[in-house]
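Okay, here's what each chain looks like letter by letter:
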Amino acid sequence: MSDTVQDVKPGFDFGALRARFAYQPVLLGMVALITSGLLAWVAQATQPAIEAAEARDLANSLAQVLPEGYADNDLLRDTLIIDDGGKAVVVHRARKAGEFRAAVFRRAAKGYAGDIHVLMAVAADGQLLGVRSIKHSETPGLGDKIEVEKGDWIHAFAGKSLADPPAAKWAVKKDGGIFDQFAGATITPRAVVKAVKEGLEFYAAQREVIAARPKAEGSGAPVAVGTGPEAEATTDAAAGKGPAGGASPAQVGAASPVKESGS
Amino acid sequence: MSSDYRRIVRDGLWDNNVVFAQLVGMCPLMAVTTSGTNGLGMGIASTAVLIAANVLIAAMRGVISDQVRIPVFVLVIATLVTVVDLAMNAWLHDLYKVLGLFIALIVVNCAILGRAEAFASRNGVLPAAVDGLAMGIGFTLALVALGLARELFGAGTLFAKASLLLGPPFAFLETTVLPGYDGMLLMILPPGGFIVLGLMLAARQSWELRQKARATTTAVPAAA
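### Here's the deal with the overall build of chain B
For chain B, the helix and strand inventory stands at 10 helices and 2 strands. The C-alpha extent of chain B, read off along each of the three principal axes, is 65 × 60 × 30 Å. The burial tally for chain B puts 45% of its 224 residues in the buried class. For chain B, long-range pairs separated by at least 24 residues make up 74% of all intrachain contacts whose partners lie at least 6 apart in sequence. On chain B, roughly 10,200 Å² of surface is accessible, and the fraction owed to carbon and sulfur atoms is 71%. For chain B, the distance from the average position of its 14 positive side-chain charges to the average position of its 12 negative side-chain charges is 7 Å.

### Structural notes on the nonpolar core
Core analysis: the largest hydrophobic core is formed by 53 residues, its most contacted members being B:Met88, B:Ile103 and B:Ile106. Ignoring any residue separated from it by four or fewer positions in sequence, one finds B:Ile106 in contact with B:Met42, B:Ala45, B:Ser46, B:Val49, B:Val81 and B:Ile112. Formed by 34 residues, the second largest nonpolar core is a distinct cluster that contains A:Ala109, A:Ile154, A:Phe157 and A:Ala195.

### Remarks on the environment of B:Ile103
All names here are of chain B. Assignment of secondary structure puts Ile-103 in helix H5 (residues 93–103). With 15 residues separating them along the chain, Ile-103 and Met-88 place their C-alpha atoms 9.1 Å apart. Not counting residues up to four positions away in its chain, the partners in contact with Ile-103 are Met-42, Ala-45, Val-81, Val-84, Asp-85 and Met-88.

### What about helix H3 (residues 36–59) of chain B?
Its 24 residues give H3(B) an end-to-end C-alpha distance of 34 Å, which sits within 8% of 34 Å, the value for a rise of 1.5 Å per residue. Summarising burial for H3(B): 17 of the 24 residues are buried, a large majority.

### A few points about the pairing of strand S2 (residues 87–96) of chain A
Residues and elements named next belong to chain A. Of the pairings in the sheet, the one linking strand S1 (residues 79–84) to S2 comprises 6 bridges and is antiparallel in character. Across the sheet, Asp-84 pairs through a bridge with Lys-87, a residue of S2. Adjacent in sequence and paired antiparallel, S1 and S2 are bridged by 2 residues, among which Gly-85 carries a positive phi angle near 60°. Relative to strand S3 (residues 99–110), S2 is paired through 6 bridges, and the arrangement is antiparallel. Across the sheet, residue Arg-95 finds its bridge partner in S3, namely Phe-100. What sits between the antiparallel neighbours S2 and S3 is a turn of 2 residues, in which Ala-97 has the positive phi angle 50°.

### Observations regarding the confidence of the model for chain B
Taken over all residues, the pLDDT of chain B has a mean of 87, while the share at 70 or more is 97%. The ipTM, which scores confidence in the relative placement of chains, is 0.76 for this predicted complex, and the corresponding pTM is 0.71.

### Comments concerning the interface of chain A and chain B
Every contact between the two is made by 32 residues of chain A and, on the other side, 37 residues of chain B. For the pair chain A and chain B, the summed buried area comes to about 2,800 Å², and 66% of that belongs to carbon and sulfur atoms. Here A:Asp57 makes a salt bridge to B:Lys97, at a shortest N to O gap of 3.0 Å. Across the chain A-chain B interface, the total number found is 4 residue pairs in polar contact (both at pLDDT 80 or more). Put simply, the parts of the chain that give the side of chain A that touches chain B at least two residues each are helix H1 (14–19) and helix H2 (23–65) of chain A.

### Let's talk about unusual backbone geometry
For residues besides glycine, phi is generally negative; the peptide bonds are generally trans as well. A:Pro165 follows A:Asp164 through a cis peptide bond whose omega is 0°. Turning to its location among the elements, A:Pro165 is positioned in the loop between strand S5 (128–135) and helix H3 (187–211). Backbone geometry places B:Leu23, a non-glycine residue, at a positive phi of 55°. Within the secondary structure, B:Leu23 sits in the loop between helix H1 (2–15) and helix H2 (26–32).

### Focus on a nonpolar patch on the surface
Judged by side-chain polarity, B:Phe153, B:Val177, B:Leu178, B:Tyr181, B:Met184, B:Leu186, B:Ile195 and B:Leu199 come together as a nonpolar surface patch covering roughly 680 Å² of accessible area. If you trace the backbone, B:Leu178 turns up in the loop between strand S2 (175–176) and helix H9 (185–188).

### A few points about the side chain of B:Ser46
Checked against the element boundaries, B:Ser46 lands in helix H3. On the basis of relative accessible area, B:Ser46 is assigned to the buried category, the value being 1%.

Reading the values: rules and limits
- Residues numbered from 1 in each chain as written.
- Chains lettered and ligands numbered in written order.
- Predicted model: local features only at pLDDT ≥ 70, side-chain atom pairs only at ≥ 80, totals over all residues.
- Heavy atoms only, no water.
- Helix = DSSP H or I, 4+ residues; strand = E, 2+ residues; numbered from the N terminus.
- Buried < 20%, exposed > 50% of the residue type's maximum accessible area, 1.4 Å probe, protein only.
- Contact = heavy atoms within 4.5 Å.
- Areas by Shrake-Rupley, 256 points an atom, 1.4 Å probe, with all protein chains shown as cover.
- Lys, Arg positive; Asp, Glu negative; His and termini not counted.
- Charge placed at Lys NZ, Arg CZ, Asp CG, Glu CD.
- Core = buried A, V, L, I, M, F, W, Y, C linked by side-chain atoms within 4.5 Å.
- Expected span 1.5 Å × (residues − 1).
- Pairing = 2+ DSSP bridges.
- pLDDT = per-residue confidence, 0-100.
- Buried area = accessible area lost by both parts, 1.4 Å probe.
- Salt bridge = Lys/Arg side-chain N within 4 Å of Asp/Glu carboxyl O.
- Polar contact = N/O pair within 3.5 Å; in protein donor to acceptor, adjacent residues only side chain to side chain.
- Patch = residues over 30% accessible without salt bridge, like charges linked within 9 Å, V, L, I, M, F, W, Y side chains within 5 Å.

Dropping the structure here:
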C-alpha cells in the first residue's frame, strides 16, 4: 500500500488537546449527537415514501387474493383489529355497495424455517376466495413452491371451506388429507394448510364481529374490537390518516363485547 | 501524484480486491449473490457507503483521536448504512424487498471498517474518495461475477429482474440463457456460493502464477 500521507496538523496545540483524557468522551458524544440528529432527519424525510410503498404492497397483495371487481370499497381503510388469543389480527373487509362480501387477513404458521405468513380472503359464506404466501424463508427450490410465481399449489385452496373438505381432510395427502405435498418438502405445505385451516376457524368464530355493519354509516370508518381484556386497539392502518367519509372511528372496548344488532 | 491514484485504483479493482485478495465481506457476498441483479444492487449500496465513510473519516481524521477512533468509525459507518437502508426502502422499494435484510449487513462488512482504518484515517479526502470508489467497484465486480455464475447454473438466466434495479430501459439486460432449464438448487444455496468463489479464487491464482512464470521465462533469455 502506498499511502499518500499528507496530514495537515492544525495550527495551535491541537495535538496536546487531542491527547487529553476529557477530549475522548467529548468527541464521542459529539459524533453520537451529530449522527443521531442526521438519522432522525433522514427517518423523517423518508417516512412518507416508505409508508406509501408499504400501502402499495398491501394493496397489491389484497388485489391478488380478491377476484377483480369483487369489492368497491377501500380495503386499506375498512379494517378491524381482532384479538385472537393475544395476537392482534388485522382484518380488511371487502364490501360492494355497502354489503359485506369478504374478509381478508393474515395468518402465520411455523414452517421449516421460521414463520410462513399467508394472506387469505374468505367470502362472507366462509368459502375461500384465494390464498397467497406473502412472507417465508423456506428452502428455495423445495419449499418455495408455495409462492404463486413458482407453482400452482396455492391455488388449490380457492373454493374450499371448513365444510368442504371435512375437517379430517384438511391436511396434506401424507397425513390423510387432500392437499398435495412437495417432493422433499412436507413440512412447508403442512404449515400452510394449518395456517389456512386456522384462519377459516378464526373467521367462523369471529364472523359476526367481522360482518357487522360499521356503527356509523359510511364504510370508511375504522372499528376496533377487543375480545381480550386489554385489547382496546386503534386501527393502525387508519389511525393518523383521519376517518374517511366523515365518519368518526368507533371504538368498542373489552367492557362491552360486540354482539351487534342484526347478526 | 497521478501514479498514486493509478495505484489506488489498481489495488481496489484487482491487486487488493476486497473479495479476491482480502477475502473480506464474505457474509453479504454469500447471502446476496444468488443472481447478478442482487449482486449489483448490493455492490452499489456498499460502494455508496464505502465512499461516504471514507470521505467523512478522511475529513475528520484531524479531529479523531487514536483512543476512540474505532467507536467513531463504527458510529459513522452504522449511520451511513441506516441512511442507505431508509433511502432504499423509500425509493427502491421492490429491490429493498429482495435486499432489505442484507443492507443492514453492510455494517458488519469489515471491508468498510478496514478501509476506514487502513486508508481513510491516514489520507486526504480526495485519495480516500478514490479508494472508496475503487474498492467499491472491485467489490461490486466480484459480487456481480459470483451472482451471474450462480444465476446461470442455478436458474439459467442472467440479470433477471434487472429492470427493477436500474429502471425499465435496462430490461434488455435480462436474458434467459437456458430456456426450460429446471435449475440447480445447489448453486442458489450457500454451498454453491462457496464452490463458485473457490473456483474463481483458483482461477485468479493460476492466472497470476502463469503471469509470473511468463515474466521469468521472458526475463531469462533477455538476460542471457
